[in-house]
Each structure stands twice: as structure tokens, then as C-alpha cells.
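# Examining the three-dimensional arrangement
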Amino acid sequence: MALLPILCYPDPRLHKVAQPVAAVDDRVRALLDDMFETMYDAQGIGLAATQVDVHERIITMDVSEDRDTPVVLINPEILWASEDKQVGEEGCLSVPGIYDGVERSTAVRVRALDAQGQSREIEAEGLMAICIQHEMDHLLGKVFVEYLSPLKRNRIKTKLVKQQQRARA
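As the structure is a prediction and not an experimental result, all values here were calculated from the model. (Residues numbered from 1 in each chain as written. Predicted model: local features only at pLDDT ≥ 70, side-chain atom pairs only at ≥ 80, totals over all residues. Heavy atoms only, no water.)

### Describing the pattern of salt bridges
- Applying the stated criterion to the full structure yields 11 salt bridges.
- As a salt-bridge pair, Glu123 and Arg109 come within 3.5 Å of each other at their nearest N and O atoms. Placement of the pair is Glu123 in strand E7 (residues 119-125) and Arg109 in strand E6 (residues 107-113), with a sequence separation of 14 residues.
- One continuous salt-bridge network, built from bridges that share partners, spans Glu77, Arg109, Arg111, Glu121 and Glu123. (Salt bridge = Lys/Arg side-chain N within 4 Å of Asp/Glu carboxyl O. Helix = DSSP H or I, 4+ residues; strand = E, 2+ residues; numbered from the N terminus.)

### A short note on the side chain of His138
- For His138, the position within the fold is in helix H2 (residues 126-139).
- Overall, His138 belongs to the buried group, its relative accessible area being 0%.
- In contact with His138, not counting residues within four places along its chain, are Leu14, Lys16, Ala48, Thr50, Gln51, Cys92 and Val143. (Buried < 20%, exposed > 50% of the residue type's maximum accessible area, 1.4 Å probe, protein only. Contact = heavy atoms within 4.5 Å.)

### Notes on the sheet that holds strand E2 (residues 58-61)
- Pairing is antiparallel across the open sheet formed by five strands, whose spatial order is E1-E2-E3-E6-E7. Among the strands making up the open sheet, the edge pair consists of strand E1 (46-48) and E7. Going across the sheet, the axis of each strand differs from the next one's by a mean of 40°, ignoring polarity.
- In the packing of helix H1 (residues 26-41) onto the sheet, the strands contacted are E1, E2 and strand E3 (71-81), and the crossing angle to E2 comes to about 40°.
- Packing of H2 onto the sheet brings it into contact with E1, E2, E3, E6 and E7, and relative to E7 it is tilted by some 120°. (Pairing = 2+ DSSP bridges. Axes fitted to C-alpha atoms, helices over the stretch in contact; angles between N-to-C directions.)

Read these as spatial facts, not as claims about activity.
Shown next as C-alpha cells:
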């Protein structure tokens, strides 16, 4: 297993649309292991392959208190989303230190493949539903700050670019 570098906004690679996984094989399972290690190390609750510059439809998540309930979603598709919506504070491993309110459906039903390539459906609400929607946005090339006003988005972009320049100096 290995820690993978996480792309940081406004990296243009975060806007690439992920392609479906053709087969769940040893390569994909090794990537899943690396993604979980990277996500846990960064104190995240979800990670999309796009964030580690792999543009395939793969998500790892663990929203449990004890960080002992890993969830794998390969080629996920939302089958249903509740009409009830809620604004919740979101953050992102690709937008470090930034948190803001985003409106999401309070519950979703998703179909995806697991690490063995078996199709399954998951019904989720609360934090897990929010995390699924957030990570699926990454697979579509969308970062949560794109839900914010252009003014907020530009301020965040400027702040993160300055931080990245200082880190390189």
C-alpha cells in the first residue's frame, strides 16, 4: 500500500470526468487499498479516484466514528435522491482548510460494484448521503466550491494558490 498525492483545487485535473471501470481486478483492488490508506491518513471520510489523478469511477468512504466501516463504490449511479434537501457544512481533501454550506438531498439510493465486482444497492441518509453526493461530483469533474458564489470561489482559489506557492518556495 502507498500514500497517493491528493490534487488540490484549482488543479485542472480535478475537472476531468472519470471513465467507468471495465473490470474489478487486482489493479483496481490495489488502487482501493492505496485510496483507503490515503483517505485515512488525511483524516478524510471520502475520496474519489479523480482526487488522486486516476480518472476512473471509484470512490472510497468511511463515515463511521471508529473509522472501521470502509465502503467501496465502483461505477456508482444514483437511482433515487430525496426531494428533501438540507444545507450542510462541507469540506474536501482537495480544498484543504475550507468549509462552506452546500445544499444536498438528505437521502439517496445508489447502485455500484463492490471490491469483488458484485453489484449492490445502498440506501444512505445523513452524512453518508452527503458524502456519496460529494464524491460523485468529483467523478463528474465538479468540486464543492463550484456550488458557492463566484466571489467566494475566487477568494478560495486565490487563497489556495498562494498557499501552494508558499509551499513550493
